[in-house]
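# Notes for the structure review
Chain by chain, the residues:
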Amino acid sequence: MNWSMIMMLSIFLTLALSINAQTSSSDLISQVCEHAPRKGFCQSALRSDPRSEKADTAGLAAVALRLAASNATDNAAFIGRMLGGGAGGDGGSLDPAVEQCLSDCADQYADAVEQMEASIAAASTGDYDGLRPWVKAAIADAESCEEGFRMEAGADQMVMSHRNKVFKLLCDTALRIVELLVLA
Ligand SMILES: *[C@@H]1O[C@H](CO)[C@@H](O)[C@H](O)[C@H]1NC(C)=O
């Protein structure tokens, strides 16, 4: 390799590196998720919704809130199935302690679903400050559900703990993104 080829190569490499740095720092999802409690979780959650691709920060906040809301709905449905509410339910075979905890969780997740819907409505009017108490109330519901299992001796805590944890993480992720909008 002669000198000019080395020069060309190093110019090319410098350019390639700077272009690469630009595209990764201009990826809004990565930027926004820098503020999230778990960056990887935040990125894969947001990227799971095609609406994130062209969204601005407000759009990403809306996606995060919707993800948390649909997770609350999913958890409420799961609890309903466990309690035997739907076809094929087998609530009859549940341990009574678990059944009691689950019926409390059913109320708590019914509230959480409504609170998340209220937060989405607030977001759609740009009321980012006003939506935060709704999301915090929904987090408190998941914590009460978790706490109920902890207080009930002999109830298997694993029934809801993973779902509670994921839901709270989705809420926390949404809150951090919303914070960027409030501070902006
Ligand atoms: C909600 O989170 C649970 C994991 O805790 C997952 O199994 C479920 O698929 C999620 N549902 C939605 C709609 O996000």
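Everything that follows concerns the structure shown earlier in this document.
The notes below deal with the structure included here. (Residues numbered from 1 in each chain as written. Predicted model: local features only at pLDDT ≥ 70, side-chain atom pairs only at ≥ 80, totals over all residues. Heavy atoms only, no water.)

## Looking at the environment of C33
Rule in force here: Helix numbering and strand numbering both begin at the N terminus, where a helix is a DSSP run of H or I of at least 4 residues and a strand a DSSP run of E of at least 2. Throughout, a residue-residue contact means that at least one pair of heavy atoms, one from each residue, lies within 4.5 Å.
In this structure, C33 sits in helix α2 (residues 28-33). Distance in space between the C-alpha atoms of C33 and L46 is 9.0 Å, their sequence separation being 13 residues. Those residues in contact with C33, other than ones at most four positions away along the chain, are K39, C42, Q43 and L46.

## Brief notes about the site of the ligand
Put simply, the rule reads: Nearness is judged by heavy atoms alone; a residue qualifies as near a molecule or strand once a single heavy atom is within 4 Å of it. Here a polar contact means two N or O atoms within 3.5 Å. Within protein one must be a hydrogen donor candidate and the other an acceptor candidate, and residues neighboring in sequence count only if both atoms are side-chain atoms. Residue-level accessible areas treat just the shown protein chains as cover; the underlying method is Shrake-Rupley with a 1.4 Å probe. By the convention adopted, Pro, Cys, Tyr, Trp, Phe, Met, Ile, Leu, Val and Ala count as nonpolar, Lys, Arg, Asp and Glu as charged, and the other residues, Gly among them, as polar.
Lining the immediate environment of the ligand, one finds S70, N71, D74, H162, R163 and V166. Contact between the ligand and N71: an oxygen atom at 2.3 Å from a side-chain N or O atom of the residue. A distance of 2.9 Å separates a nitrogen atom of the ligand from a polar atom in the side chain of D74. Isolated, the ligand exposes 360 Å² of accessible area, and the fraction of that covered by the protein chains is 60%. Sorting the residues of the shell around the ligand by element identifies α4 (57-82) and α7 (158-183) as the ones contributing at least two each. For the shell around the ligand, a count of residues per class yields 1 nonpolar, 3 polar and 2 charged.

## Comments concerning the packing of aromatic side chains
Under the convention used in this document: Here is the rule: rings of Phe, Tyr and Trp (six-membered ring for Trp) pair when centre to centre is within 6.5 Å. Planes less than 30 degrees apart are stacked, more than 60 are edge-to-face, and the remainder are tilted. Accessible area is worked out with a 1.4 Å probe on protein chains only. A residue is then buried under 20% of its type maximum, exposed over 50%, and partly exposed in between. Here, a charge over a ring means that NZ of Lys or CZ of Arg falls within 6 Å of the ring centre while also lying within 35 degrees of the ring normal.
Tallied over the full model, the rule gives 1 aromatic pair. Both rings, one in Y109 and one in F167, keep their centres 5.6 Å apart while their planes meet at 65°; by these two values the pair is edge-to-face. Pair noted here: Y109 is in helix α5 (residues 96-124) and F167 is in helix α7, with a separation of 58 residues, a long-range link. With a relative accessible area of 1%, Y109 lands in the buried category. Residue F167 is classed as buried on the basis of its relative accessible area of 0%. Above the face of the F78 ring, R163 is positioned so that its terminal group lies 4.0 Å from the ring centre.

## Section: the pattern of salt bridges
This is how it is decided: One side-chain nitrogen of Lys or Arg within 4 Å of one carboxyl oxygen of Asp or Glu is enough to make a salt bridge.
Under the definition given, this model contains 7 salt bridges. For E34, the salt bridge is made with K39, and the minimal N-O distance between the two is 3.5 Å. With a relative accessible area of 42%, K39 lands in the partly exposed category.

## Digging into the side chain of E146
Formally: In this tally Asp and Glu are treated as negative and Lys and Arg as positive; neither His nor the chain ends contributes.
With respect to the helices and strands, E146 occurs in helix α6 (residues 128-151). R150 is the oppositely charged side chain nearest to the buried, salt-bridge-free E146, at an N-O distance of 4.5 Å. Those residues in contact with E146 that lie beyond four places of it in its chain are Q157, M160, S161 and N164.

## A word on the packing of helix α3 (residues 39-47) against α7
What counts here: Only the stretch in contact is used when a helix axis is fitted, and all axes are lines through C-alpha atoms; the angle between N-to-C directions ranges over 0 to 180 degrees. Geometric relationships in this document are graded by angle, where less than 35 degrees denotes roughly parallel, more than 145 denotes roughly antiparallel, 65 to 115 denotes roughly perpendicular, and other angles denote oblique.
For the pair α3 and α7, interaxial distance at closest approach is 11 Å and the crossing angle is 85°. When the interaxial angle is binned, α3 and α7 end up roughly perpendicular. Listed contacts from α7 to F41, C42, A45 and L46 of α3 are V166, L169, L170, T173 and I177. A class-by-class count of the residues in the contact of α3 with α7 yields 8 nonpolar, 1 polar and no charged.

## Observations regarding the nonpolar core
Applicable threshold: What we call a nonpolar core is a set of buried Ala, Val, Leu, Ile, Met, Phe, Trp, Tyr and Cys residues that are connected through their side-chain atoms within 4.5 Å.
Counting residues in each nonpolar core, the largest one holds 50 residues, and the members touching the most others are L46, Y109, M116, F149, M160 and F167. Among the elements of the structure, α2, α3, α4, α5, α6 and α7 are those that each provide at least two residues to this core. In this structure Y109 touches A72, N75, A76, I79, A142, C145, M160, R163, N164 and F167, once residues within four positions along its chain are discounted.

## Focus on the state of the cysteines
Put simply, the test is: Two cysteine sulfurs form what is called a disulfide whenever their separation falls within 2.5 Å.
All told, the structure shown has 2 disulfides when counted by the stated rule. The disulfide partner of C33 is C42, and the S-S distance across this bridge is 2.0 Å. Judged by the sign of its S-S torsion, about -70°, the bond between C33 and C42 is left-handed. For C42, a relative accessible area of 0% corresponds to the buried category. Disulfide pairing places C105 opposite C145 at an S-S distance of 2.2 Å.

Function-wise, these values are silent; they only describe arrangement.
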